[in-house]
Amino acid sequence: MTRDKEPRLEEEVLSAAAEIGVISQLDKVEDVNVDVRTNLLNIVQGQADSVSFAGQGLEIQKDIRVQEVQVQTGRISINPLSALFGEIKLNHPTDAAIRVVLTEEDINLSLNSDYIRSKLPPLDLDVNGQIITLELQHIEIHLPGNGQIKCSGKVLLHEGNSRQLDFIALLYPRTSSQPLLLEAFHCTPGNGISLELILALMLKFKELLNLPYYELEGSAFRVKDMEVQKGSLTVMAEAYIRQLPFL
C-alpha cells in the first residue's frame, strides 16, 4: 500500500501490534500488512483516521481460504486499550472498501465446507401454489476464462417424494456495467424438471441476486464489481463491517 507520508511512531506501534493480533486469529497466513493512521490524541480519544488491511494466503478457518484481500476504512472509532494489545475492536460499525481474490480451488473448498453450508438454507419455491424445496448437496465452480462462470452441482428436490437433481449452469457475473447473465441451464439426462419449476427457480435466484446487500457474521456487503479470469475470481465490494478482520 502506498503511503503519503512517513508513519508516526505511534502508528508503527499500533500497526505492528495489529498485525500480530490478526495473525493470531488465522489458522494460516502467508503475508499480512496493517496500516493504522492516527496520532496520540486520537488514540486517547479512541479514534483512527483510517485502517488499511492487506493479506495473502489467509486460511480463516478450516476449509475457508482467501488468496488475497484488501480492506480500506475511513475514520473509525476504536477501543484504544485493545488496539495497543493488537486487536482493532470497533466501537461502532464502519464503512469499508473491500477487494477479495479467490482461486477456483478456494471457492470450491469454501462452498462445500460445513461453515458455508450452514449459511445456505434450503430454498422454498412456489410452483403453481405448491411449495417445493431444493436442498443443496454439492456444488462446484469452474472458471474457464472469457469472463464465464460454470456451475455444476447436485440438489435434493422435495416435491412429495425426494429425488436428486444434477444441474449445470453457465453464466456471466454481475459487474459495474452489466447485470447477471445466464447463458445456459440444463439438467443431466434422465433427471429433468418441469418448465414451471425452472421458472420458479430463476425467479428465486433473481430475487436473491438483487438483494441490496448480503449479511455475514454481523457485517453487510454489497458487490460492486466482479472480474473473472481463468482460475480466479476478483470481487470488489462496499461493506459495513463490525470487526477487523471482517470474517
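Residues numbered from 1 in each chain as written. Predicted model: local features only at pLDDT ≥ 70, side-chain atom pairs only at ≥ 80, totals over all residues. Heavy atoms only, no water.

A. Broad picture of the overall build of the protein. The secondary structure content of the protein amounts to six helices and 14 strands. Once the C-alpha set of the protein is aligned to its principal axes, its extents read approximately 70 × 35 × 35 Å. Buried positions account for 40% of the 247 residues belonging to the protein. A separation of at least 24 residues holds for 51% of the contacts in the protein among residues at least 6 apart in sequence. Summing over all exposed atoms, the protein offers an accessible surface of approximately 13900 Å²; the carbon and sulfur share of this is 54%. (Helix = DSSP H or I, 4+ residues; strand = E, 2+ residues; numbered from the N terminus. Buried < 20%, exposed > 50% of the residue type's maximum accessible area, 1.4 Å probe, protein only. Contact = heavy atoms within 4.5 Å. Areas by Shrake-Rupley, 256 points an atom, 1.4 Å probe, with all protein chains shown as cover.)

B. Up close: the nonpolar core. Within the largest apolar cluster, 43 residues are counted, with the highest numbers of intra-cluster contacts made by Val34, Phe53, Val71, Ile88 and Ile241. Counting residues in hydrophobic clusters, the runner-up holds 14 residues, among them Leu134, Val155, Cys187 and Ala200. (Core = buried A, V, L, I, M, F, W, Y, C linked by side-chain atoms within 4.5 Å.)

C. Structural view of helix 4 (residues 104-111). If you check which residues of helix 4 are buried, you get Asp106, Ile107, Asn108 and Ser110. Elements that come into contact with the buried residues of helix 4 comprise strand 4 (64-73), strand 6 (94-103), helix 5 (114-118), strand 8 (130-145) and strand 14 (232-241).

D. How the structure looks around the pattern of salt bridges. Taken as a whole and assessed by the stated rule, the structure comprises 10 salt bridges. Note that Asp35 is salt-bridged to Arg37, the shortest N-O span being 3.4 Å. On the accessibility criterion, Asp35 (7% relative accessible area) is buried. Residue Arg37 is classed as buried on the basis of its relative accessible area of 11%. Of the charged contacts, one joins Asp106 and Arg65 as a salt bridge, the two residues approaching to 2.8 Å between their closest N and O atoms. Placement of Asp106 in helix 4 and of Arg65 in strand 4 is noted, with a sequence separation of 41 residues between them. Here Asp106 falls in the buried class, since its relative accessible area comes to 4%. (Salt bridge = Lys/Arg side-chain N within 4 Å of Asp/Glu carboxyl O.)

E. The arrangement of the side chain of Ser152 in detail. Here Ser152 shows up in strand 9 (residues 148-159). A residue is classified by how much of its surface remains accessible, and Ser152, at 17% relative accessible area, is buried. Those residues within four positions of Ser152 in sequence are excluded, and the remaining contacts are His138, Ile139, Glu140, His142, Phe167 and Ile168.

F. Examining the packing of aromatic side chains more closely. Inspection of the entire model under this criterion finds one aromatic pair. Judged by centre distance (6.2 Å) and plane angle (20°), the rings of Phe167 and Phe185 are stacked. In this pair, Phe167 is assigned in strand 10 (residues 161-172) and Phe185 in strand 11 (residues 181-187), connecting sequence segments 18 residues apart. On the accessibility criterion, Phe167 (13% relative accessible area) is buried. Exposure remark for Phe185: the relative accessible area of 21% places this residue in the partly exposed category. (Phe/Tyr/Trp six-rings, centres within 6.5 Å; stacked < 30°, edge-to-face > 60°.)

G. Structural context of the side chain of Ser110. With respect to the helices and strands, Ser110 occurs in helix 4. According to the relative accessible area criterion, Ser110 is buried, its value standing at 13%. Look past the residues within four positions of Ser110 in its chain and what remains in contact with it is Asp63, Ile64, Arg65 and Ile116.

H. Structural context of the pairing of strand 14. Along strand 14, seven of the 10 residues are buried, which leaves the element largely enclosed by surrounding structure. Note: strand 6 against strand 14, 10 bridges, orientation antiparallel. Residue pairing for strand 14: Ala97 is matched across the bridge by Glu238. (Pairing = 2+ DSSP bridges.)

I. Molecular detail of the sheet that holds strand 14. Sheet architecture is open: seven strands sit in the order 1-3-4-6-14-13-12, paired in antiparallel fashion. Both outer strands of the open sheet, strand 1 (31-37) and strand 12 (214-216), are each paired with one neighbouring strand and no more. Within this sheet the neighbouring strands show an average axis-to-axis angle of 25°, counted without direction. Summarising the sheet, strand 4 and strand 6 pair through six bridges and their orientation is antiparallel. In the strand pairing of strand 6, Glu68 is matched with Val101. (Axes fitted to C-alpha atoms, helices over the stretch in contact; angles between N-to-C directions.)

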